[in-house]
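Structural description and commentary
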Amino acid sequence: MNVAARHILIVGAGHAGGVAAATLRQTGFTGAITLIGGEAHPPYERPPLSKELLAGAIPVEKTYLRPLAFYTENGIAFRPGETAVAIDRAAQRVELANGDTVPYDALLLTLGARARRLALPGADHPRVLYLRDIVDSLALREHLNTGARIAVIGAGFIGLEAAAVARKHGAAVTVLEVQREPLQRVCAPEIGRFMATLHRRNGVNLRTGVAVVAIEEKGGALEIRTADGETVAADIVLAGIGAQPNVELAHAAGLAVEDGIVTDEFGRTSDPNVFAAGDVTRHFNPLLGRKLRLEAWQNAQNQAMAVAKVMAGGDRPHAEVPWFWTDQYDVNLQIAGAPKRWDDLVWRGGPDDKAFTVFAMQDGKPVAATTMNNGREMRPAREMIARGRAVDPARLADAKVKLQDLARET
Ligand SMILES: Cc1cc2nc3c(=O)[nH]c(=O)nc-3n(C[C@H](O)[C@H](O)[C@H](O)COP(=O)(O)OP(=O)(O)OC[C@H]3O[C@@H](n4cnc5c(N)ncnc54)[C@H](O)[C@@H]3O)c2cc1C
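Source: prediction; values computed, not measured. (Residues numbered from 1 in each chain as written. Predicted model: local features only at pLDDT ≥ 70, side-chain atom pairs only at ≥ 80, totals over all residues.)

1. With respect to the domain arrangement of the chain
Under the convention used in this document: Note that the domain bounds reflect an automated or database-derived domain assignment. This entry defines residue contacts through backbone-placed C-beta atoms, with two residues in contact when those atoms are within 7 Å. Note on residue categories: nonpolar means Ala, Val, Leu, Ile, Met, Phe, Trp, Tyr, Cys or Pro, charged means Asp, Glu, Lys or Arg, and polar means any other residue, Gly included.
Along its sequence, the chain is carved into domain 1 (7-114 + 244-311), domain 2 (128-241) and domain 3 (339-409). Put simply, the middle of domain 2 and the middle of domain 3, counted by C-alpha atoms, are 31 Å apart. Taken together, the five residues of domain 2 in the interface contact six residues of domain 3. Residue composition of the side of domain 2 that touches domain 3, grouped by class: four nonpolar, no polar and one charged.

2. A closer look at the site of the ligand
Threshold: Put plainly, near means the residue's C-beta atom, positioned from the backbone, lies within 6 Å of the molecule or strand in question. Labels follow the DSSP assignment, with helices taken as runs of H or I lasting at least four residues and strands as runs of E lasting at least two, numbered in each case from the N terminus.
In the region of the ligand, 37 residues are neighbours, and Gly12, Gly14, Arg46, Gly112 and Gly278 sit closest. When contributions to the shell around the ligand are tallied by element, the ones reaching two or more residues are helix 1 (15-26), helix 7 (297-311) and strand 23 (323-328). The class makeup of the residues in the shell around the ligand is 18 nonpolar, 14 polar and five charged. Structurally, the shell around the ligand is a two-domain feature, drawing no fewer than three residues from each of domain 1 (7-114 + 244-311) and domain 2 (128-241).

3. A short note on the environment of Gly170
Here Gly170 lies in the loop between helix 4 (157-168) and strand 11 (172-177). Along the sequence, Gly170 and Leu138 sit 32 residues apart, while their C-alpha atoms lie 17 Å from each other. Among residues more than four places away in sequence, those in contact with Gly170 are Asn145, Thr146 and Gly147.

4. What to know about the nonpolar core
One broad trend across soluble globular proteins is that nonpolar side chains are buried collectively. Threshold: The term nonpolar core refers to a set of buried Ala, Val, Leu, Ile, Met, Phe, Trp, Tyr and Cys residues connected through C-beta atoms within 7 Å. Here exposure depends only on C-beta density: within 10 Å of a residue's C-beta, 20 or more other C-beta atoms make it buried, 12 or fewer make it exposed, and intermediate numbers make it partly exposed, the C-beta atoms being placed from the backbone.
Counting residues in each nonpolar core, the largest one holds 72 residues, and the members touching the most others are Ala162, Val237 and Leu238. The element that contributes the greatest number of residues to this core is helix 4, accounting for eight residues. When residues no more than four places from it in sequence are discounted, the contact partners of Val237 are Arg127, Val128, Leu129, Ala151, Ile153, Ile215, Leu222 and Ile224. Ala22, Ile33, Ile87 and Ala250 belong to the second largest nonpolar core, which has 48 residues in total.

5. Examining unusual backbone geometry
Even without being a glycine, Tyr329 presents a positive backbone phi close to 55°. Mapped onto the elements, Tyr329 comes out in the loop between strand 23 and strand 24 (331-336). Owing to 17 C-beta atoms within 10 Å, Tyr329 belongs among the partly exposed residues under this scheme. Here the phi dihedral of Asp363 falls at roughly 50°; this positive angle occurs in a residue that is not glycine. One can find Asp363 in the loop between strand 26 (356-362) and strand 27 (365-372).

6. Details of the pairing of strand 24
To keep things clear, this is the line we draw: DSSP-based pairing: two strands are paired if at least 2 bridges between them are found.
Bridge count for strand 23 against strand 24 is six bridges, and the pairing is antiparallel. Note that in strand 24 the partner of Gln328 across the bridge is Val331. Pairing of strand 24 with strand 27, which is carried by four bridges, proceeds in the antiparallel orientation. Within strand 27, the residue paired with Leu333 across the bridge is Met372.

7. Examining helix 1
Let me state the cut-off plainly: Each residue after the first adds 1.5 Å to the expected span of a helix.
With twelve residues, helix 1 extends 16 Å between its outermost C-alpha atoms, agreeing within 8% with the 16 Å of an ideal straight helix rising 1.5 Å per residue. Of all twelve residues making up helix 1, nine are buried, and the element is well covered by its neighbours. The set of residues buried in helix 1 consists of His15, Ala16, Gly17, Gly18, Val19, Ala20, Ala21, Ala22 and Leu24. A positive phi of about 95° marks Gly28, the residue just after helix 1.

8. Quick word on the packing of helix 1 against helix 7
Applied cut-off: For every element, the axis is a line fit to its C-alpha atoms; helices are fit only across the contacting stretch, and the angle between N-to-C directions ranges from 0 to 180 degrees. The labels follow the angle: roughly parallel below 35 degrees, roughly antiparallel above 145, roughly perpendicular from 65 to 115, and oblique for the rest. Should the near helix be turned anticlockwise from the far one by less than a right angle, the crossing is left-handed, and should it be turned clockwise, the crossing is right-handed.
Contact geometry for helix 1 and helix 7: axes closest at 8 Å, N-to-C directions at 40°. Taken together, helix 1 and helix 7 sit at an angle that is classed as oblique. Once helix 1 is placed against helix 7, the crossing between them reads as right-handed. Of the residues in helix 7, those in contact with His15, Ala16, Val19, Ala20, Thr23 and Leu24 of helix 1 are Ala300, Gln301, Gln303, Ala304, Met305, Val307, Ala308, Lys309 and Met311. Looking at the contact of helix 1 with helix 7, its residues break down into ten nonpolar, four polar and one charged.

Below you can see the structure in the form of structure tokens.
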């Protein structure tokens, strides 16, 4: 902890960086704060990028965490459009691409993640798009017209959310997924199948177990070739094949890095003057008893807040059940927990109901939950997961038993 820090430098002005800067001021930190970000915009929230912003339903400014003036008004030296290229930990300073160096007493790395790139012939075609930032979202939006043919590679959250928006705009959408079910990394297979049905019902040509091997331009169209010899014609391709954390700076500076910058539950890295928060961290979660990396709004928001408070002199760890949501068509899906396996399921309602909740159990205890249009059960579900006590599966499955009551009892 660096209570004596006079100048806190935050590198990465995304969600976590913006929240951390504001939290430092809210907790009474009076030293200097510099916030450096590679993008042109002030810190913003990314969830609308594949939903409302992509659909053209909100202006760009609506995604901002706070208006630009907030940073000046709160004595935060915000430097947009500047990229850090090296950290000199011995001299306690960061070098920027424009040649400047910025000294620090304490450094917070909120570098986020970037879209994983396709590695196959033709992937560098200009109509192969990704979706990570505002520029990407606005570029993709240009193509979402009636009759446009869009091929989405990867049935993860971002690919599926974009597919839903594209369908609403009348585009013809094909989704190609290499796994047997969508969302296999983060959900029970049953939920993946539920989402597959939802998309097919909405006119998406969703094909699973399909590996894309090449993309080629033919007569103005893009031809996507699969391992089983089939082709899909499209005007544009959206690759939604996951994200990779921006760890290179930390790695080059000799900080401990695995799949993410390694931190403890206070956001401390292997250097006592350097902290990290958000998508870029592989952090210890005391509730789960292990390290993990998350790509979620809640983590960017609450971990950044917790780490900023530690940097300002606090001593409370960040300890929460991971939580994530997605909106597709008329479905709001929320997921809590990060189990290694989704089995031993207990259902409250079922896939044919208007709303349902499903728990993943381990040794009789709920370790994860998914709600479908049933967000009011998410809070008690998270409480039960956090407490980690055994629950009677028959009562858990009984939709007549209020989950709030069950959570109070356990
Ligand atoms: C399209 C999309 C939709 C999403 N939808 C949901 C959702 O519905 N629900 C949910 O829970 N989560 C969602 N997420 C995840 C959530 O938005 C992220 O977890 C969150 O943005 C992570 O915040 P962060 O600050 O860690 O990283 P980011 O927001 O990625 O910010 C990192 C910033 O650091 C900058 N940077 C990187 N390297 C440097 C450098 N060397 N120098 C200067 N600046 C640098 C980057 O340009 C970026 O601005 C979504 C994400 C995306 C991309």
